[in-house]
Amino acid sequence: MRITDNFLLIIFIFLSFSAILCYAKTKEYEIKLNDMNYFSTKGFDVIVFDDFYPEGHQSGITIIHHGVRVAANGDIRLQAAPGQWEPVPKLINKKIIKEKNQIMVSLYYPDPDRNRKGFNPIIYPDLKLEYKIRVYSKANKIIIEVALNNPLPDKWAGKVGFNLELYPAEFSGKHYIMDNKTGLFPPQFTSSINKKDNSEVEVIPMATGKSLTIAPEDPYRKLTINALIGNLELIDGRARHNNGWFIVSSKIGKRTKNVIKWEIIPNIVKDWFYKPVIHVSQIGYLPNQQKIAVIETDKDYKSQKEIKLIKIETDGNNKIVFESKPESWGKFLRYNYYKFDFSKIKEEGIYFVKWDDYKSNCFRISKNVFDKDVWQPTLSYFLPIQMCHMRVEDRYRVWHDLCHMDDALMAPTDIIHFDGYRQGPSTLTRYKPYEHVPGLNAGGWHDAGDYDLRIESQAGTVRSLSIIYELFKIEYDQTTIDQDKHLVILNEPDGIPDILQQIEHGLITIINGYKSLGRFYRGIICPTLKQYVLLGDARSMTDNKIYNSDLNDKEIRATESHIPDDRWVFTEENPYRELYVAACLAQAYRVMKNYKPKIANECLDIAKTVFENYKDVDGRAVISKIEVASELLLSTGEEKYRQEIIQSMKIIKKHFNRIGWIVSRILPLINDKEFEKIMRKTVKKYRIELDKQLSETPFGIPFHPHIWGAAWGLENLAVRLYFLHKSFPEIIPKEPVERTLDYLLGVHPGKNTSSLVSGVGVKSATIAYGFNRADWSYIPGGVISGPNLIRPDLPELKEFPYLWQQSEYVIGGAASNFIFLIFAIKELNQK
């Protein structure tokens, strides 16, 4: 059949029009370097080595897809599926070539700052490797090229690879296609593994090939990675590490130039935008409390509608009780923010905030909003569950059995422990390395998602709880705590205020350690990585029998065994920390003296002794010296402590942001008009600095996460501001204290609106980094660190139990400070 000229013309026009549409779409989603110097288009961002924490899956090349971080740690690694304590490289330099849409980075192994040094000291293999990574955009694609300065040694060729880690919770249950062969991302590790002769575990790839399409069924997560040089392997990185991610890897052979070349092509959903998030307290507000909803939007989001506060009536109908135009705060990080102040609404009830088609979770306004189911889980669940040297029962379950009754062996000298503890050339005690130190198998709380006892955590929690009881006299009793039987029973009162029993438990480990060692311990922690990464019952970490090297490998006695699984106790010379602990003991004395006089007197005696031992100190220790003097003045009223503080005014002024709150508590005891005059002047100066910090964010409080989220630091700031406000109400406002509580209860940056206190609020952090994280579970009342910053501008709080920098619980003042804030705000809003 002869094709007419008209038909050919129609085909030509159709193809030309299609090409124009395709070109227009490509131009619309063209990837370019933005003003923050990362690659970006609507719905897709690639960040290149702006972050620095590979151990936490937060470094290298990072991909954000439709507003969610889906991949990270794009870099050369020495293992197929590396873990937390594996070698990472050192960044030499980073060069941004804006006109070419290109970023060049140079790196090398080994990193001299990490090799056998510092926190998590990594032992690097005998490998010197320098390389460059070039990342550039080409229309709607990202190209990654890797070149080595020198070829790999034979034993490393084919083992070293370029890895990109895929966030497992985002892809579990979704599919992949590798060279037309399909597979599924499983929610748990199920890949095949081999064990080599040297016992090294080798993970068999899930798939290999040249082209990988990830989540083809999900337009918001679909990514294609093409290996233009070499091959791709898809690996399940959870083989050896519960916190591992899926990994796309290309192995490097003997070549040097262009050893790796990848092409990454994202799927972009047309007209996608970051949907508004309305942040409110997941519990609610007191009638007299300041009430501000913070709305987080895409930078291009526009609306002319008013924001509405809606009350849910008894009959189920919704009633608009207040509406107003949103107050534009401006840009913070990558989002625009608006504020909606409804403080004038005081009527009790259940409410939610609505803007356009977007709603907040419901919350209450009530004079009793903080009276039930808010602070109680922290005191009746989290704190007792974290108690070491106890069996913790709770109705039909045991949270953990009796643990660590073989504490503790004296740590060996001249070592750096993998969790950052250091032991110098001496044990600083009468005990020799590996010798059992008696008296340490009682008291204390497991510090966090692991099982060590850090002295500052023990002391800080004792102090926070002591301040709470001293100020607010919480007589709440929900728990049985029996020190003689080493037994805790939740939800079974024993007639004694729980908070006093918790203070006692913390003091037992501090005092016993001091009496046994003649000084405070630095920390008590397990000796091996195998024990350290244990998830589950703390009882399974050791055999609860004291190690005796004289026993043979078959000899076990009632209280001794030949197994050296006992935790180690570390000591240190650190005047700053020792004086801080002494201050905590001096504070605890006042609440213990009527409950446990013997323990109270020991607290006071030790605090006085430590104070006298450090007559001349410098550096940070001068701050702690003033803390001890202040607490001892409150506890004894002795003139020498008053004089110590008066003579320290220059130091107080210099470090007012750290020490001012403590000194403000003792102004009536100082009773010196000139001293108070200088303090008032210093407070006014501090207020100027404070206002700058509070104005940095739309949340009315600072947001400066380093690695961990900002919650715990904000709690500490709020406690300080409470005491400054009480002493200088006309200078220091109370609102930052309230806004900090709002932050903990859901008013924080990022898409996740959860309360940071597990089990507290309409929505809360119920997937958290506790000792039960392998169950994707939580401990009621635990406070996580909250959103951290994916640099340069993404606030993130994932619902994932293995990102400790976002979801880890800690004991050291975090949970107890939350209790403090509840009662402080109730007091500040009494009328």
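In case you missed it, the structure is sitting above this.
Anyway, here's the lowdown on the structure attached to this text. Since this is a predicted model, take the numbers as computed values, not measurements. (Residues numbered from 1 in each chain as written. Predicted model: local features only at pLDDT ≥ 70, side-chain atom pairs only at ≥ 80, totals over all residues. Heavy atoms only, no water.)

Let's talk about the layout of surface pockets
Applicable threshold: The method works on a 1 Å grid over the protein atoms by themselves. A cavity is a set of points holding a 1.4 Å probe that cannot get out, a pocket is an open set with protein on both sides within 12 Å along at least five of seven lines, and residues with an atom within 4 Å of a point line them. Grid points are joined across faces, edges and corners, and a volume is the space filled by probe spheres set on the points. Only DSSP runs of H or I with at least four residues qualify as helices, and only runs of E with at least two residues qualify as strands; both kinds are numbered from the N terminus onward. Amino acids are sorted into nonpolar (Ala, Val, Leu, Ile, Met, Phe, Trp, Tyr, Cys and Pro), charged (Asp, Glu, Lys and Arg) and polar (every other residue, Gly among them).
The calculated volume of the second largest pocket comes to roughly 510 Å³. What lines the second largest pocket is a set of 25 residues, among which V68, G750, K751, N752 and L797 lie closest to the centre. Every element with two or more residues in the lining of the second largest pocket is listed here: β5 (68-77), β21 (277-279), β29 (358-359) and β44 (794-796). For the lining of the second largest pocket, the residue count by class is eleven nonpolar, six polar and eight charged.

Focus: the sheet that holds strand β38 (residues 487-489)
Put simply, the test is: Strands pair, by our definition, only if DSSP identifies at least two bridges between them. A fitted line through C-alpha atoms serves as each axis, taken over the contacting stretch for helices, and the angle formed by two N-to-C directions is quoted from 0 to 180°.
Read from one edge to the other, the open sheet built from four strands follows the order β32-β31-β38-β37, with strand pairing classed as mixed. This sheet does not close on itself; its edge strands, each paired only once, are β32 (397-400) and β37 (480-482). In this sheet, adjacent strand axes meet at a mean angle of 20° when their direction is disregarded. Sheet topology note: the strand β31 (residues 391-394)/β32 ladder contains three bridges and is antiparallel.

Concerning helix α10 (residues 639-646)
What counts here: Working definition: with a 1.4 Å probe on protein chains only, accessible area under 20% of the residue-type maximum means buried, over 50% means exposed, and in between means partly exposed. The arc in question is the one traced by the directions running from the helix axis out to the C-beta atoms. Residue contacts are defined here by distance: any two heavy atoms, one from each residue, within 4.5 Å place the two residues in contact.
Within α10 the residues assigned to the buried category are Y641, R642 and I645. The buried side chains of α10 occupy one side of the element, clustering within an arc of 105° when seen end-on. Against the buried residues of α10 lie α8 (597-613), α9 (621-636), α11 (649-654), α12 (656-665), α13 (667-670) and α14 (673-694).

As for the sheet that holds strand β36 (residues 453-454)
Spatially, β33-β42-β39-β36 is the arrangement adopted by the four strands of the open sheet, whose pairing is mixed. Strands with a single pairing partner mark the edges of an open sheet, and in this sheet they are β33 (409-410) and β36. Strand direction decides the pairing type here: β33 and strand β42 (residues 568-570), joined by two bridges, are parallel. Its bridge partner lying in β42, L409 is registered against W568.

Overview of unusual backbone geometry
Following D407, the chain continues to A408 via a peptide bond in cis, the omega torsion being -5°. Mapped onto the elements of the fold, A408 is located in the loop between β32 and β33. Of note, the bond from R791 into P792 is cis; its omega dihedral lies within 30 degrees of zero at 15°. Tracing the backbone through its elements, the reader meets P792 in the loop between β43 (788-790) and β44. The backbone phi angle of H486 is positive, close to 55°, even though this residue is not glycine. By the element assignment, H486 lies in the loop between β37 and β38. Residue W776 is not a glycine yet carries a positive backbone phi of 50°. Along the chain, W776 turns up in the loop between α16 (735-744) and β43. According to the relative accessible area criterion, W776 is partly exposed, its value standing at 37%.

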